Amino acid sequence: MTGEHSLDDAFRTANRLRMAAFLSGCDEAEFRAVQEYCGLSASNLSKNVSALDELGYLAVRKGHVGKVPRTWLALTDQGRKALLGHLAALQDIAASAARHA
C-alpha cells in the first residue's frame, strides 16, 4: 500500500466502525439510538463503547430526562480524526487494488 494513511485497529470490527460512522453524523446520540442503528445488544454496545472510550475516541455523558437515566455518546475530535484516517486508508487500499487489477 502506498497511501499515507494506515488502518486503525480500533475500527477492526464492523460494529465499532458502524458506531463511529453513525456518531460522525451528529454531535451526540443517545445510547439507545446507537444500539438500535447498530443492531447490538446493550451489553455488546457497552463493551465497544468502553473500548473506544479508553482510546479517547468516544465521550460518554450521563444524565437524566425527567427521572429517567440516559447515556449519550459522541465522537471526540481524536475519534473523528482516527475514523477519517481509517476510511482514507480503506480508500487507499481500494485504489491500489483497482490500479493493480
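Residues numbered from 1 in each chain as written. Predicted model: local features only at pLDDT ≥ 70, side-chain atom pairs only at ≥ 80, totals over all residues. Heavy atoms only, no water.

### Focus: the overall build of the chain
Item 1. For the chain, the count of helices and strands is four helices and three strands.
Item 2. Listing each helix as α and each strand as β along the chain from the N terminus yields α-β-α-α-β-β-α.
Item 3. When the backbone C-alpha atoms are referred to their principal axes, the chain occupies close to 60 × 25 × 20 Å.
Item 4. In the chain, the proportion of contacts linking residues at least 24 apart, taken out of those at least 6 apart, comes to 55%.
Item 5. Taken as a whole, the chain presents about 6,300 Å² of accessible surface, with 52% of it coming from carbon and sulfur.
Item 6. Distance from the positive charge centre (12 side chains) to the negative charge centre (11 side chains) of the chain: 7 Å. (Helix = DSSP H or I, 4+ residues; strand = E, 2+ residues; numbered from the N terminus. Contact = heavy atoms within 4.5 Å. Areas by Shrake-Rupley, 256 points an atom, 1.4 Å probe, with all protein chains shown as cover. Lys, Arg positive; Asp, Glu negative; His and termini not counted. Charge placed at Lys NZ, Arg CZ, Asp CG, Glu CD.)

### A look at the pairing of strand 2 (residues 58-65)
Item 1. Alignment of strand 2 against strand 3 (residues 68-75), held across eight bridges, turns out to be antiparallel. Each residue of the ladder has a partner; that of alanine 59, found in strand 3, is alanine 74. (Pairing = 2+ DSSP bridges.)

### Regarding a nonpolar patch on the surface
Item 1. Side chains of Leu7, Leu84, Leu87, Leu90 and Ile93 sit close together on the surface and give an oily, nonpolar patch of about 420 Å² of accessible area.
Item 2. According to the relative accessible area criterion, leucine 84 is exposed, its value standing at 58%. (Patch = residues over 30% accessible without salt bridge, like charges linked within 9 Å, V, L, I, M, F, W, Y side chains within 5 Å. Salt bridge = Lys/Arg side-chain N within 4 Å of Asp/Glu carboxyl O. Buried < 20%, exposed > 50% of the residue type's maximum accessible area, 1.4 Å probe, protein only.)

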